[in-house]
Amino acid sequence: MPFESPLPTLDVAADFWSLRFVDESSESYAVRKNVPQPLEVSTDRGVMATVHAGGGIGYAATSDLSPGGLQQALDAALAWARATSRLGLIDPRSLARPAARGEYRSPSLDAPRPSRREVYEMLATESRAAAIDPRIVDWEAHVDIRTATHRLVTSAGGDVVQRYRFLYAGASATAHANGDTQRRTLAGDRALCQQGAGEVLERAGFVGSGRQVAEEALELVLAPNCPSGTMDVLLAPDQMVLQIHESIGHPLELDRILGDERNFAGTSFVTPDMFGSYRYGAELLDVTFDPTVPGELASYGWDDDGTPATRVHVIERGILVRPLGGAISQARAGLPGVANSRAASWNRPPIDRMANLNIEPGDAPFDAMVAAIGRGVYMQTNSSWSIDDSRNKFQFGCERARLIENGRLGAVVKNPNYRGISASFWRSLAMVGDASTRRVLGTPFCGKGEPSQIIRVGHASPACVFRKVDVFGGEG
């Protein structure tokens, strides 16, 4: 891959062109029920050519990285740009032509990599620790290690190289007793995902997690169902990440607001006229788009169009201030946006995506939030989600909960669920946890687009209290 060397001489009769090179490798390890699973190894590399010509935009991708392959991709993209020049929603000649130069590097990029034996031994230790009772019927520990190098070269003189190192980890245990089955995970399926090396596991408390999830699975399978009714809810960060993702992140994607996802993933209850005045949530709600957080999963220096990454508020003191839209969507809508034109790989064009979307910490310690609830539920770790195609009405379930009575945490209950409407739910926010309650999590598997693009998204959040929520439990 040409990450260090100059590009060959290329002939493109266009207003602007770029080449985005991608080289990604992954190793996926798992030990299930004390049996090491086959190692999964993959490598993916190629280049996306983008051309602006005559008022049109064209794309073409190839895995042929020879000078002839690059020229052929640019020629194909140029042909598409000319063919679509009369059909575009904007004239790309009005767009800025990225010319940034520089490098981004993940934390611990050059840290020593553990041997495959060492990874399997670590996972085997957690797996053995989970086998504590015959009622534990399934258990697993897993780690994914990924590296990537991206390079964006533009005809305006831009040349940025971004080098990433990712680590995803998790542990789970499933218990069965008395006709019921309950599964407990460490913060959810692969929600423990950050940039970095071994320090990611240390921050997550991975060592000892096998026994922890097994004990909590047994606790759940013997626990009563969550009660139903209207009550206050304290959501842990590993549920807040899903709440942010589904009822703030996706509704604020500008291409979705403009209708691009109608026939696939849906629309949004948010409309362009809401920005600058609409009360999305209580005054305590501050949400930032921030790809500059060291170690968070979707941090970067520039998006895939070459726009520099910056931290900006999308919701400030509860007011909706800007959408999640990159340069092209901003030009279409006439609205300010963010540096979020992102592609899943070399063979996909960039579209509007979440990156790191975070709730800023408040000033409430965890104990103070519990003490402020007369009757409610503390819910942890997302287990299920359902939301309508305008990202408004939702129903979410969690793995584990504890009752709160008269300001004190009480019994563990299973099958906790709650429902609400995005347009009003965030206005019921009553307390935002301080920095001690904040966790940095995310998902490697956010899906969107046609053809489909699965991408990495980071979410950091403190614990939060919501008033008068519709809560319901399982059958039984």
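Sequence order as written defines residue numbering, which begins from 1 separately in each chain. The predicted origin of the model limits local features to residues at a pLDDT of at least 70 and limits the giving and counting of side-chain atom pairs to 80 or more, whereas totals for whole chains, interfaces and linings rest on all residues. In computing side-chain values, all of the structure's heavy atoms are included and hydrogens and water are not.

Concerning helix 5 (residues 237-249)
Owing to its 3.6 residues per turn, the α-helix brings residues three or four apart onto one side. Labels follow the DSSP assignment, with helices taken as runs of H or I lasting at least four residues and strands as runs of E lasting at least two, numbered in each case from the N terminus. Expected helix span is given by 1.5 Å per residue-to-residue step, counting one fewer step than there are residues. With 13 residues, helix 5 extends only 16 Å from end C-alpha to end C-alpha; this falls clearly short of the ideal 18 Å at 1.5 Å per step. Burial classes: relative accessible area under 20% of the type maximum marks a residue as buried, over 50% as exposed, and values in between as partly exposed (1.4 Å probe, protein chains only). Along helix 5, 13 of the 13 residues are buried, which leaves the element largely enclosed by surrounding structure.

Quick word on the layout of surface pockets
Detection works on a 1 Å grid of protein atoms alone, calling trapped sets that fit a 1.4 Å probe cavities and calling open sets with protein on both sides within 12 Å along at least five of seven lines pockets, with lining residues defined by an atom within 4 Å of a point. Grid points are joined across faces, edges and corners, and a volume is the space filled by probe spheres set on the points. Looking at the largest pocket, its volume works out to about 740 Å³. Lining the largest pocket are 27 residues; nearest its centre among them are Tyr 59, Asp 260, Ile 328, Arg 332 and Ile 351. Those elements that place two or more of their residues in the lining of the largest pocket are strand 4 (56-62), helix 7 (327-333) and strand 15 (351-352). The nonpolar class holds Ala, Val, Leu, Ile, Met, Phe, Trp, Tyr, Cys and Pro. Asp, Glu, Lys and Arg form the charged class, and all remaining residues, Gly among them, are polar. Looking at the lining of the largest pocket residue by residue, the classes come out as 12 nonpolar, 8 polar and 7 charged. Space inside the second largest pocket adds up to approximately 570 Å³. As for the second largest pocket, its lining consists of 23 residues, of which Asp 189, Leu 242, Asn 382, Trp 385 and Thr 443 are closest to the centre. Counting only elements with at least two residues in the lining of the second largest pocket, the list comes to helix 5, strand 17 (375-387) and strand 22 (439-448). Counted by class, the lining of the second largest pocket contains 7 nonpolar, 10 polar and 6 charged residues.

Details of the nonpolar core
Core analysis: the largest hydrophobic core is formed by 67 residues, its most contacted members being Tyr 280 and Trp 426. Residue contacts follow a heavy-atom distance rule, with two residues in contact if any of their heavy atoms lie within 4.5 Å. With residues near it in sequence (within four places) discarded, Tyr 280 still touches Ser 247, Ile 248, Pro 251, Leu 252, Phe 269, Val 270, Ile 315, Gly 318, Leu 320, Trp 426 and Arg 427. As used here, the term nonpolar core means buried Ala, Val, Leu, Ile, Met, Phe, Trp, Tyr and Cys residues forming a set that is joined through side-chain atoms within 4.5 Å.

Quick look at the environment of Thr 149
Tracing the chain through its elements places Thr 149 in strand 6 (residues 136-154). Judged by its relative accessible area of 15%, Thr 149 falls in the buried class. Placed 104 residues apart in sequence, Thr 149 and Arg 45 show a C-alpha to C-alpha distance of 9.5 Å. Those residues in contact with Thr 149 that sit more than four places away from it in its chain are Phe 3, Phe 21, Val 22, Asp 23, Val 161, Gln 162 and Arg 163.

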